[in-house]
Amino acid sequence: MDIVNNKETVSEKEEIMSHIKDASLAPSGRKKIEWVRRFMPALTEIERRFEKEQPFKGLRIAVSVHLEAKTANLGLVLAKGGAEVYLTGCNPLSTQDDVAAAVAEMGIETFGLHGVSAKEYEDLLAETLACHPHLIVDDGGDLINLLNGRCKEYADCLIGGCEETTTGIHRLKARERDGALPCPMMAVNDAKAKHYYDNKYGTGQSVWTAIMDTTNLMVAGKTVVVAGYGWCGQGTAMRAKGMGADVIVTEIDPFKALAATMEGFRVMTMDEAAKIGDIFVTVTGCKDVIVPRHFAVMKDNAVLCNAGHFDCEIDIASLREIAKSSRECRNNIVGYEMSDGRILHVLGDGRLVNLACGMGHPAEIMDMSFSVQALSLHWLAEHKEELETKVYKVPDSIDDEIGYYKLGAMGLSIDKLTPEQEEYLSGWSVE
Ligand code: NAI
């Protein structure tokens, strides 16, 4: 497996230099990258093709995604396809310094430090964009925000980009509506090969892995409150139920709420759920889901965390103000003591728990999501002459290719429609 020597595909330019914490951490990061690569066969297949075809030759790609091993692998695959890759994180707490060191050593310009302030985080993104990218991969819309504002001057070579997550797509669509989109963007999150698996099964597993590892507490027998029953919430609630929790769902959409009820979950408002929950997971993409009136009635030792993209779902700023005192109870757990002595425990500062306190989604899941990213970037590069400044749907051909490849890699086959069946399904005849 030759993942080491990508140097020849990376820019000779000396002025942009990797910004990482400590190069000596590279051996640990390298092990993590080598491990996940073994479980990302679809992306490896794409890498082989890219290596031959060099679709990104002469193109600079800025990637802002949670900077951990699977993302490092995506960077390496794009570099194999001829791109100069500039890698950064998309959250101040999800960057893994050892992975950043390893991928920088492997020849990718990397701008990532764990635990930085909001300002330092933005500076790292700006440093990344200073490459004047042709293509971008965004996760939550922070690159797009900068390219529209502080980093406008770096947008002069932009062909287009891809957006990884639900919240980012909402913002792109709002920008499209308001005429504020700086370049064509592909809605990677909305591809079937992405959200059916990543949001549901990826979040479902990785959120609980992170909560259990961080707290070392039982899930069985606990009352778990999941706020939001969208793709991620369904996975989160399903896995909690599977581990023996009593699951409550809160929603604002009547149909999602009905679906949760029919799946066997209790549905109620957060005002009611706040009094009885042991573990709270917000995953709505909305803000102010858990606020001071909820903190006021929560049980002693309640555990609060968020799996939505931004850290605005739980009002931590108010919790800090209300609390009599706070202390670090364990790594990634801050206990806030209320005036009546109750302690509320917040994981990962309310940032998405599976990345701030865990390793993110399983490799097999990110194999699919990042295959969509890689093929969508290729599609943008191929169609650069005819692109309009709008949000593009990922073509079905890309989804299908990944779906069939993944089935094959798992040793599974499915039936094929006969010509007669195709005709029957596409017509109105009853015969
Ligand atoms: P979705 O749109 O499928 O689901 C969101 C659900 O939350 C909807 O059913 C909506 O009705 C509900 N909701 C909105 N506001 C609410 C409120 N105030 N109270 C209760 N329910 C509310 O979105 P999806 O794909 O499930 O993503 C949710 C969030 O998770 C987004 O921010 C997304 O970017 C993020 N995400 C996080 C991942 C992770 O690894 N932690 C992975 C993928 C997405």
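See above for the structure.
From a predicted model like this one, the values you see are computed outputs, not experimental measurements.

Chemist: Just to check I follow, could you spell out the sheet that holds strand β11 (residues 279-282) for this structure?
Modeler: Strand pairing in a sheet takes place through backbone hydrogen bonds and is either antiparallel or parallel in direction. Spatial strand order, β10-β9-β8-β11-β12-β15-β14-β13: 8 strands in an open sheet with mixed pairing. Single-partner strands in this sheet number two, and they are β10 (266-267) and β13 (325-330). The pairing of strand β14 (residues 333-337) with strand β15 (residues 343-347) spans 5 bridges and is antiparallel. Following the sheet pairing, V334 is matched in β15 by V346.

Chemist: Looking at this structure, how should I read the site of the ligand?
Modeler: Taken together, 27 residues lie around the ligand, and T165, T166, T167, E251 and N354 are the ones closest in. Here an oxygen atom of the ligand sits 2.5 Å away from a polar atom, N or O, in the side chain of T167. One of the backbone nitrogen or oxygen atoms of W231 is found 3.1 Å away from an oxygen atom of the ligand. When isolated, the ligand has an accessible area of 860 Å², and the protein chains bury 88% of it. Broken down by secondary-structure element, the contributors of at least two residues to the shell around the ligand are α7 (166-177), α8 (192-215) and α9 (231-242). For the shell around the ligand, the leading source of residues is α8, giving 3 residues.

Chemist: What is the right way to look at the sheet that holds strand β2 (residues 60-64) in this model?
Modeler: Taken in spatial order, the 8 strands make up an open sheet running β1-β4-β3-β2-β5-β6-β7-β16, and their pairing is parallel. The open sheet terminates on both sides in strands that have one partner only, identified here as β1 (19-20) and β16 (391-392). Note that β2 and strand β3 (residues 84-88) share 5 bridges and pair parallel. If you follow A62 over to β3, its bridge partner there is Y86. Running over the sheet, helix α4 (residues 97-105) touches β1, β3 and β4 (109-112) and is turned about 165 degrees from β4. The strands that helix α5 (residues 118-129) touches are β1, β2, β3, β4 and β5 (135-138); relative to β3, the one it contacts most, it runs at about 175 degrees.

Chemist: So what exactly am I meant to see when it comes to the side chain of H134 here?
Modeler: Within the secondary structure, H134 is located in the loop between α5 and β5. With relative accessibility at 13%, the residue H134 sits in the buried group.

What counts, and at which threshold
Residues numbered from 1 in each chain as written. Predicted model: local features only at pLDDT ≥ 70, side-chain atom pairs only at ≥ 80, totals over all residues. Heavy atoms only, no water. Pairing = 2+ DSSP bridges. Helix = DSSP H or I, 4+ residues; strand = E, 2+ residues; numbered from the N terminus. Near = heavy atom within 4 Å. Polar contact = N/O pair within 3.5 Å; in protein donor to acceptor, adjacent residues only side chain to side chain. Areas by Shrake-Rupley, 256 points an atom, 1.4 Å probe, with all protein chains shown as cover. Contact = heavy atoms within 4.5 Å. Axes fitted to C-alpha atoms, helices over the stretch in contact; angles between N-to-C directions. Buried < 20%, exposed > 50% of the residue type's maximum accessible area, 1.4 Å probe, protein only.

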